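Spelled out from the first residue to the last, the chains are:
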Amino acid sequence: MNYIEIYDNVLTKHECEILINQFEKSEDHKPGYLLDSDGKEIIDTDWKQSVEIKNLFLSDGSIISNIIKPRLLPCIDKYNRKYRSLSALTSWQYDEGYTFKKFEGEDAGFKKWHTEHCVGSLDRIFVWAFYLNNAKSGTEFMHYPTVRAKMGRCVIWPSSWTHVHRSAPNKGVKYYVSGWVTYS
């Protein structure tokens, strides 16, 4: 049991196209950044190279959130039903904040091994992500098989050290939306 759950066809092709179109016409694109130990934003393309829309919130009423949220919640529910031990944790909920990323070119991606449970984000329990296109790369896990990018696919996995991951070597363009479930 690897606790990585894959839910295919969660988003339709049409919904993925709408999301990608929203990304491309957005004026909120920024280079993907990391947070240093002091919480300061830094850009380090040896670690991460992407274009992102940050500061999105599942309840913000945007077209993006209005598509993502109703598709995400049933996946979180399925994950919770399968892994009943989650009910032993103190209360948890989906984090309102999430990011929308575009990785383009062979140098793009979150290239270094990392976890989502880290300094500044110790409340994260698991990660959710949507692939919006049939990219030629996906998410590489250190101890588990690589998850291939597939249009409309939602993937959920634990955020801790057991699930160290990075972007599989990028080829072409990959659109990716991700967020977290946290202690409340």
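The following refers to the structure shown. (Residues numbered from 1 in each chain as written. Predicted model: local features only at pLDDT ≥ 70, side-chain atom pairs only at ≥ 80, totals over all residues. Heavy atoms only, no water.)

**A short note on the nonpolar core**
Residues I68, F100, F130, L132 and I156 are the most contacted members of the largest nonpolar core, which totals 31 residues. Residue assignment for this core shows that the elements contributing at least two residues are α1 (13-25), β6 (51-57), α2 (63-82), β7 (92-104), β9 (124-131), β12 (154-158) and β14 (173-183). Top element by residues in this core is α2. It accounts for seven residues. Other than its neighbours up to four places away in sequence, I156 contacts Y3, I4, E5, Y7, C75, I76, Y79, F126, V127 and W128. If you look at the next biggest cluster of nonpolar residues, it comprises 14 residues, including V127, A135, F141 and V155. (Core = buried A, V, L, I, M, F, W, Y, C linked by side-chain atoms within 4.5 Å. Buried < 20%, exposed > 50% of the residue type's maximum accessible area, 1.4 Å probe, protein only. Helix = DSSP H or I, 4+ residues; strand = E, 2+ residues; numbered from the N terminus. Contact = heavy atoms within 4.5 Å.)

**As for the environment of T139**
Position of T139 among the secondary structure elements: in strand β10 (residues 138-141). By relative accessible area, which is 4% here, T139 ends up buried. Taking C-alpha positions, T139 is 5.2 Å from A168, a pair spaced 29 residues apart along the chain. When near neighbours in sequence (up to four residues on either side) are disregarded, T139 contacts Y131, T146, V147, H165, R166, A168 and Y176. Here the side chain of T139 touches Y131 through a polar contact of 2.5 Å, side chain to side chain. (Polar contact = N/O pair within 3.5 Å; in protein donor to acceptor, adjacent residues only side chain to side chain.)

**Overview of α2**
Each α-helix turn comprises 3.6 residues. Residues three or four places apart therefore point the same way. Its 20 residues give α2 an end-to-end C-alpha distance of 30 Å, which sits within 8% of 28 Å, the value for a rise of 1.5 Å per residue. The sharpest bend along α2 comes to roughly 25°, located at K69, with the proline P70 sitting one to four residues further on. All of the buried residues in α2 are I64, S65, I67, I68, L72, C75, I76, Y79 and N80. (Expected span 1.5 Å × (residues − 1). Bend = angle between axes of the 7 residues up to and from the residue.)

**Let's talk about α1**
Taking 1.5 Å of rise per residue, 13 residues should cover 18 Å, and α1 covers 18 Å from first to last C-alpha, within 8% of that figure. Within α1 the residues assigned to the buried category are E15, C16, L19, I20, Q22 and F23. In a view along the axis of α1, the buried residues occupy a sector of 155°, so they form one face of it. Opposite the packed face of α1, turned more than 90 degrees from it, sit the exposed residues K13, H14 and K25. (Arc of directions from axis to C-beta.)

**Comments concerning the packing of aromatic side chains**
In this description, an aromatic ring pair is defined by two values, namely the gap between the centres and the angle between the planes. Across all of its chains, the model carries 11 aromatic pairs by this definition. Ring centres of W92 and F126 lie 5.7 Å apart, and the angle between their planes is 70°; this geometry places the pair in the edge-to-face category. With a gap of 34 residues between them, W92 in strand β7 and F126 in strand β9 connect regions that are remote in the sequence. Seen in terms of ring centroids, F141 and W157 are 5.2 Å apart; in terms of plane orientation they differ by 85°. Their pairing is edge-to-face. (Phe/Tyr/Trp six-rings, centres within 6.5 Å; stacked < 30°, edge-to-face > 60°.)

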